[in-house]
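Spelled out, the chains give:
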Amino acid sequence: MPHTLTSNAYGKSRVRLTKVVRNPQDPNHHGVYEFNVNITLTGDFAASYTDGDNTKIVATDSQKNTVYVLARENDFDSPDAFAKLLATHFVETYEQVTAADVRVHQTLLTRVSIDGTPHPHSFVGGSTETRTARCSVTPEGTRCCGGISGMVVLKSAGSVFVDFVDDRFRTLPDTTERIFATTVESTWRFTSPDADFNAAYDAIRPAFIKVFAENHSLAVQQTLLEMGGAALDAAPAIDRIDLEMPNQHRVPFNLEPFGHANDATIFVTTDEPAGMIRGTVERS
């Protein structure tokens with residue numbers, strides 16, 4: 001049966017990088033970046049698929065090495081800037097590469113403070129949250145996106161869910177007070193590849209948290225829209241934001257067989273199945 005290769009791409013995934021940045025004025029004072037890098041290249045690679053001709057293939061091992069060498073040779077202050085650096089490098093260095101897509105997840109580390117004094121080279125992690133970045137360089141131009149992944153938020157009050165469809169499949173009662181827990185996944189689009197990536201991130205994350213805490217939620221959907229709008233208001237450098245917020249339920253445990261009232265104190269923690277809520281918010 002005839003067949004045709006209609007598209008192709010390849011790259012290197014899960015390249016783990018730790019970079020220590022030393023202050024020239026105080027070599028004992030360090031900054032640390034921990035990245036997980038994923039690279040996808042598109043271009044004139046069909047001959048490798050059709051004929052096993054690898055003369056235009058930039059080996060994925062070479063791509064991995066590029067991550068470490070460029071990290072050593074260049075200064076950057078965000079995962080976004082490093083993603084842009086890598087994507088631009090592949091397109092500008094190799095004639096056969098027509099497009100490069102680089103995604104970076106940054107592990108968040110907080111500098112340790114001892115008796116109120118920041119420690120020069122010690123950090124603490126412990127969160128599932130990561131900062132994300134993506135930069136694509138194509139013949140049409142350069143497009144950069146930032147984001148947050150795995151941001152766990154929970155509030156034990158201030159969340160309502162009533163008046164939803166009542167048919168033979170419904171067992172869930174209306175509730176005027178419930179625990180609202182979710183893990184926020186978000187990506188935002190920069191209007192320019194030269195935007196101040198850190199300023200946008202530093203504005204968007206607290207905007208999310210403030211709305212989540214203060215919004216009297218009538219539905220996860222409503223809170224999602226409010227969070228997206230707050231992010232756009234806080235960060236003029238972005239024009240679109242995508243949010244995914246699974247409703248990770250906390251189910252009241254029936255304590256009556258054990259002689260205790262069901263007083264909204266004890267819950268069974270669940271993360272699946274979860275209600276999946278997604279939305280995109282753009283400037284009007």
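As shown above, the structure is provided for reference.
Just so you know, these numbers come straight off a predicted model, no measurement behind them.

A. Molecular detail of the side chain of Gln63. Position of Gln63 relative to the elements: it lies in helix α2 (residues 60-73). By relative accessible area, Gln63 is classed as buried at 0%. Apart from the residues lying within four places of it in its own chain, the contact partners of Gln63 are Tyr10, Gly11, Lys12, Ile39, Leu41, Val58 and Phe90.

B. The arrangement of the side chain of Gln96 in detail. Looking at where Gln96 falls in the secondary structure, it is placed in the loop between α3 (79-93) and β3 (97-107). Polar contacts involving the side chain of Gln96 include one to the main-chain carbonyl oxygen of Lys56, which spans 2.9 Å. When sequence neighbours within four positions are dropped, the list of residues in contact with Gln96 reads Thr42, Gly43, Asp44, Phe45, Lys56 and Val58.

C. Summary view of the pairing of strand β7 (residues 141-155). Pairing of strand β6 (residues 130-138) with β7 involves 9 bridges; the strand directions are antiparallel. Its bridge partner lying in β7, Thr138 is registered against Gly141.

D. Region of the structure containing unusual backbone geometry. Of note, the phi angle at Asp163 is positive, near 65°, even though the residue is not glycine. For Asp163, the position within the fold is in the loop between β7 and β8 (180-190). The phi angle at Ala264 is positive, at roughly 55°, despite the residue not being glycine. By the secondary structure assignment, Ala264 is in the loop between β10 (250-252) and β11 (267-269).

Scoring rules and cut-offs
All residue numbers refer to position in the chain's written sequence, counted from 1. Confidence filtering applies because this is a predicted model: local features only for residues at pLDDT of at least 70, side-chain atom pairs given and counted only at 80 or more, and all residues used for totals across whole chains, interfaces and linings. The side-chain values count all of the structure's non-hydrogen atoms but skip hydrogen atoms and water molecules. For the purposes of this entry, the term helix denotes a DSSP run of H or I that reaches at least four residues, the term strand denotes a run of E that reaches at least two, and both are numbered from the N terminus. The rule is simple: take the accessible area with a 1.4 Å probe, protein chains only, and divide by the maximum for that residue type; under 20% is buried, over 50% is exposed, in between is partly exposed. Contacts between residues were defined by any pair of non-hydrogen atoms, one from each residue, lying within 4.5 Å. In the analysis that follows, any N or O atom pair within 3.5 Å is treated as a polar contact, provided that within protein one partner can donate a hydrogen and the other can accept it, and provided that, for residues neighboring in sequence, both atoms belong to side chains. For two strands to pair, DSSP has to find at least two bridges joining them.

It is worth stressing that arrangement in space is one thing and function is another; only the former is reported here.
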